[in-house]
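The residues making up each chain are set out below.
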2 protein chains.
Amino acid sequence: MSFKNTLNSAHSKWMDAEGPEADIVLSSRVRVARNLAGIPFPHLLDAQKSEDVIHAVRLALVNKEEPELLGGLEISGLGELSPLDRQLLVDKHLISPDLLKNFQSKAVVLREDEVVSIMVNEEDHLRIQCLLPGLQLKEAWDIINRVDDDLEKTLDYAFSEKLGYLTSCPTNVGTGMRASVMLHLPGLKITKHLGGVLGTIVKLGMTVRGLYGEGTEAVGDLFQVSNQITLGQSEEEIINNLESITRQILTQEHAARNALYNDRREVIEDRIYRAYGALRYARVLTSEEAMRLFSDLRLGLELKMISAVPARVLNELMVKIRPAFLIKSAGRELSGYQRDVLRADLVRKEFEGLPC
Amino acid sequence: MSFKNTLNSAHSKWMDAEGPEADIVLSSRVRVARNLAGIPFPHLLDAQKSEDVIHAVRLALVNKEEPELLGGLEISGLGELSPLDRQLLVDKHLISPDLLKNFQSKAVVLREDEVVSIMVNEEDHLRIQCLLPGLQLKEAWDIINRVDDDLEKTLDYAFSEKLGYLTSCPTNVGTGMRASVMLHLPGLKITKHLGGVLGTIVKLGMTVRGLYGEGTEAVGDLFQVSNQITLGQSEEEIINNLESITRQILTQEHAARNALYNDRREVIEDRIYRAYGALRYARVLTSEEAMRLFSDLRLGLELKMISAVPARVLNELMVKIRPAFLIKSAGRELSGYQRDVLRADLVRKEFEGLPC
């Protein structure tokens, strides 16, 4: 049963670190916003109407045409999950923090490998997401497109010939699409070029956010870059535009890393190996520090200065060190200090089997 | 040939960490100041007269009565040694930094195991030193006493029935003796009791200094405690007094360590293991940081929280990480940055063979 697997493991397909450009692009995400015709947007729904939307989605999943896409999809009401399990879905980037508000009227759909997830009754009736490792925006869009088409055979979407897909918030009207990449940019950060590069991205109509989306701060030198505009561009144009901007950032990040490698080799090696030493031996570890150390270690992998810890282990650890997973694995409430101790234990155990 | 051994190795007998109370007392040192009758004090000597003093000491070493004490003693003019080798003798605590000034008129005598050293023409004609691991003040005084007696059979010391041994600086007149212990006090430091304890020691007529004696700052939580008064007390009284004060400090440091162990176990373990990780993996390491990390690791050994690195390795490393030894082992001049890189290399190699 896929939900049980999801909630007992910190792993998701996007963590495999095997896609193209995986040395900088952690993951690519595409999501589309869809609403059902004739039903008010979620914030105007009472309990019964919310349940109707969930029921409609449930039915659509049964009427599957492409078994390999929809077959593995399973739906669960948010209220059926424990608070920790709900938070774990956020930590794994499968749902947004917003879906946790008034969770009784909401639901989530997951494909077994967690590549596809659908939030039901978040800001829109459906938010269909595809999350893949590396730079795979086109691949993600292709999957979304087929899931969307398949669902549309059953569901009646709110659509205007003039405006496109109608959405709860006007910034999503049109394609209803948001595409994003999660980038690891320590080279630009260390060489102090990050501000300039991110400023340029924003001028090109992109939005830059931290690891957990809107309103979150960048931790571990991880930045989410996404399109701002959904109207007046086709889906393909949005994808191509974001991919082209991403490739420009990659070029600059690579240049920064090469400069570090050539000009300050020992200083960078020192930073990377100290991060390894701290993670391997710490007994008390905050999540902020862990993320900073993961970033340094990830840079070491990317520069091929260290190979002891595979990137997929780091990706999974980013979820494992979060409070929900720690509390779940402890099986009891934990104070902040107890979490810091357990976090250090967990990371240390992960590192102990590795070559030193 | 003992001088060659001394100058090619960072090891000295006092580093063996095997004496009583070695978990806090790194070493015990006793030295006496002696001057030759009828010859002006060193700062008033011309080159020829300085040479006469050195010659007299050389002769006294030949007229040995106790072969096991004086037999292994060997003399060398400071000018016969390279600048690096002279500095290495300072780093190993065998001579004072002052002996390096106007070194052409000065000499040093060493016993093969470096337990006994004699500075010739420092502030006084002779400064006879005995340096032992752990709390062994009486043992050190016993050795000094016999070496002194044996030398006095040949040498005519400046002595006054009323004042005792006459010395260049009036603060040494009388016994001419200075006894000191090198203490590792991280417990008192971390629990913020150090200021109070050291203040009390000073009120009891003791002097507190850093690792390299007068005018040096305390690094690595290492403090040298020595008697201030040389006049009006017998040698035995001085030794007993310092030993008794040292034992009071030991009680307080042990109490502080127990408190840390019981109340803040993870925090202290964290500090100790992070020090281990940093030393094991750093690529750039200043000597200040290395000393701080050694101190943390030493505390870990003393609290039996870690056993990977023996104390004698740390004691030896304290000398090996100093510029003179680094430059000597590199065989060429090194910039500060190059020394930091070489220091990290050297420490890492020392740690690589250890269990991780």
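Residues numbered from 1 in each chain as written. Chains lettered and ligands numbered in written order. Predicted model: local features only at pLDDT ≥ 70, side-chain atom pairs only at ≥ 80, totals over all residues. Heavy atoms only, no water.

Let us now look at the overall build of chain A. Tallying secondary structure elements over chain A gives 13 helices and 10 strands in all. What you see for chain A is a C-alpha radius of gyration of 21 Å, in line with the 21 Å of a compact globule of 356 residues. Overall, chain A is about 65 × 45 × 35 Å in size when its C-alpha atoms are taken along their principal axes. Taking all 356 residues of chain A together, the buried fraction comes to 58%. The contacts of chain A with a sequence gap of at least 6 include a subset with a gap of at least 24, amounting to 72%. As displayed, chain A offers around 14600 Å² of accessible surface, 51% of which is attributable to carbon and sulfur atoms. With 43 positive and 51 negative side-chain charges, chain A shows a separation of 6 Å between the mean positions of the two kinds. (Helix = DSSP H or I, 4+ residues; strand = E, 2+ residues; numbered from the N terminus. Rg over C-alpha atoms; globule rule 2.2 N^0.38 Å. Buried < 20%, exposed > 50% of the residue type's maximum accessible area, 1.4 Å probe, protein only. Contact = heavy atoms within 4.5 Å. Areas by Shrake-Rupley, 256 points an atom, 1.4 Å probe, with all protein chains shown as cover. Lys, Arg positive; Asp, Glu negative; His and termini not counted. Charge placed at Lys NZ, Arg CZ, Asp CG, Glu CD.)

The next thing to look at is helix α13 (residues 336-352) of chain B. An α-helical segment advances 3.6 residues per turn. Residues three or four places apart therefore align on the same side. Taking 1.5 Å per residue, 17 residues should reach 24 Å; α13(B) reaches 24 Å between its end C-alpha atoms and fits that length. Of the residues making up α13(B), those classed as buried are D340(B), V341(B), R343(B), A344(B), L346(B), V347(B), R348(B) and F351(B). (Expected span 1.5 Å × (residues − 1).)

Let us look at the packing of aromatic side chains. Tallying each qualifying case throughout the model produces 10 aromatic pairs over all chains. Ring geometry for Y273(A) and Y281(B): centres 6.3 Å apart, planes at 15°, overall stacked. One end of the pair, Y273(A), is in helix α9 (residues 265-281); the other, Y281(B), is in helix α9 (residues 265-281), on a second chain. Judged by its relative accessible area of 14%, Y273(A) falls in the buried class. Ring geometry for Y281(A) and Y276(B): centres 5.0 Å apart, planes at 85°, overall edge-to-face. (Phe/Tyr/Trp six-rings, centres within 6.5 Å; stacked < 30°, edge-to-face > 60°.)

With that settled, consider the interface of chain A and chain B. In this assembly, 19 residues from chain A lie in contact with 19 residues from chain B. Of the roughly 1700 Å² buried between chain A and chain B, counting both surfaces, carbon and sulfur atoms make up 60%. When residues of chain A are sorted by the area they lose upon contact with chain B, R274(A), Y281(A) and R283(A) head the list and together hold 38% of the total. The tally of links between chain A and chain B comes to 2 salt bridges. Grouping the constituent residues of the side of chain A that touches chain B by class yields 11 nonpolar, 1 polar and 7 charged. (Buried area = accessible area lost by both parts, 1.4 Å probe. Salt bridge = Lys/Arg side-chain N within 4 Å of Asp/Glu carboxyl O. Nonpolar A, V, L, I, M, F, W, Y, C, P; charged D, E, K, R; others polar.)

To continue, consider the confidence of the model for chain A. Per-residue pLDDT for chain A averages 90, and the proportion of residues at 70 or more is 94%. Reported confidence for the predicted complex is 0.78 by ipTM and 0.82 by pTM. (pLDDT = per-residue confidence, 0-100.)

Right, let's get into the nonpolar core. Ranked by internal contacts, the top residues of the largest apolar core, which has 118 residues, are F294(A) and F294(B). Once you skip the residues sitting within four places of it in the chain, F294(A) turns out to touch L279(A), L314(A), L317(A), M318(A), I321(A) and V347(A). (Core = buried A, V, L, I, M, F, W, Y, C linked by side-chain atoms within 4.5 Å.)

With that settled, the discussion passes to the relation of the copies chain A and chain B. For the match of chain A to chain B, the screw axis carries a shift of 0.1 Å, the RMSD comes to 0.0 Å, and the turn is 180°. What the rotation and shift describe, once combined, is the action of a two-fold rotation axis. Among all residues of chain A, the minimum C-alpha distance to the rotation axis is found for G277(A), at 2.1 Å. Both copies share a contact surface, since 100% of the interface residues of chain A are interface residues in chain B too. (Least-squares fit on C-alpha atoms with pLDDT ≥ 70 in both.)

This part takes up unusual backbone geometry. Positioned with a positive phi, H93(B) is a non-glycine residue whose angle comes to about 70°. As for its placement among the helices and strands, H93(B) is situated in the loop between α4 (83-91) and β3 (107-110).

Right, let's get into the sheet that holds strand β10 (residues 222-227) of chain B. Residues and elements named next belong to chain B. Within the open sheet, the 8 strands sit side by side as β2-β3-β4-β5-β1-β8-β10-β9. Their pairing is antiparallel. At either margin of the open sheet sits one strand with a lone partner, and together these are β2 (74-77) and β9 (206-209). Direction aside, the axes of adjacent strands within the sheet are offset by 20° on average. As judged from the 4 bridges shared by β9 and β10, these two strands associate in the antiparallel manner. Following the sheet pairing, R209 is matched in β10 by Q224. (Pairing = 2+ DSSP bridges. Axes fitted to C-alpha atoms, helices over the stretch in contact; angles between N-to-C directions.)

Attention now moves to the pairing of strand β8 (residues 177-184) of chain B. All names here are of chain B. When you tally the buried positions in β8, you get 8 out of 8 residues, the bulk of the element. Of the two faces of β8, both are covered, the one formed by M177, A179, V181 and L183 as well as the one formed by R178, S180, M182 and H184. Where strand β1 (residues 25-34) lies against β8, 7 bridges are found, and the strand directions are antiparallel. Within β8, the position partnered with V25 by the bridge is L183. The sheet contact formed by β8 and β10 spans 5 bridges and is antiparallel.

This part takes up the domain arrangement of chain A. Residue and element names in this part refer to chain A. For chain A, the domain assignment lists domain 1 (2-256) and domain 2 (265-351). For domain 1 and domain 2, the distance between their C-alpha centres works out to 26 Å. Taken together, the contact between domain 1 and domain 2 spans 27 residues of the former and 20 residues of the latter. Inspection of the region where domain 1 meets domain 2 yields 2 salt bridges. The tally of links between domain 1 and domain 2 comes to 7 residue pairs in polar contact (both at pLDDT 80 or more). Elements supplying a minimum of two residues to the side of domain 1 that touches domain 2: α1 (2-8), α4 (83-91) and α6 (186-190). Partitioning the side of domain 1 that touches domain 2 into residue classes produces 15 nonpolar, 6 polar and 6 charged. (Domains from an automatic or database assignment. Polar contact = N/O pair within 3.5 Å; in protein donor to acceptor, adjacent residues only side chain to side chain.)

Residue and element names in this part refer to chain A. Mapping E122 onto the fold places it in the loop between β4 (116-120) and β5 (126-133). Here the alpha-carbon distance between E122 and G79, two residues 43 residues apart in the chain, equals 14 Å. The residues contacting E122, other than those within four sequence positions of it, are P42, S96, D98, L99 and R127.

Here we come to the packing of α9(A) against α9(B). Two numbers describe how α9(A) lies on α9(B): the axes approach to 8 Å, and their chain directions differ by 150°. The orientation of α9(A) relative to α9(B) falls into the category roughly antiparallel. When the axes of α9(A) and α9(B) are compared, the crossing they make is right-handed. Contact residues: α9(A) offers Y273(A), R274(A), Y276(A), G277(A), A278(A), R280(A) and Y281(A), while α9(B) offers Y273(B), R274(B), Y276(B), G277(B), A278(B), R280(B) and Y281(B). Per-class residue counts for the contact of α9(A) with α9(B) are 8 nonpolar, 2 polar and 4 charged. (Parallel < 35°, antiparallel > 145°, perpendicular 65-115°, else oblique. Left-handed = near helix turned anticlockwise from the far one by under 90°.)

All names here are of chain B. Position of D91 relative to the elements: it lies in helix α4. It is 30 Å that separates the C-alpha atoms of D91 and L231, two residues lying 140 residues apart in sequence. Here the side chain of D91 touches R322 through a polar contact of 2.7 Å, side chain to side chain.

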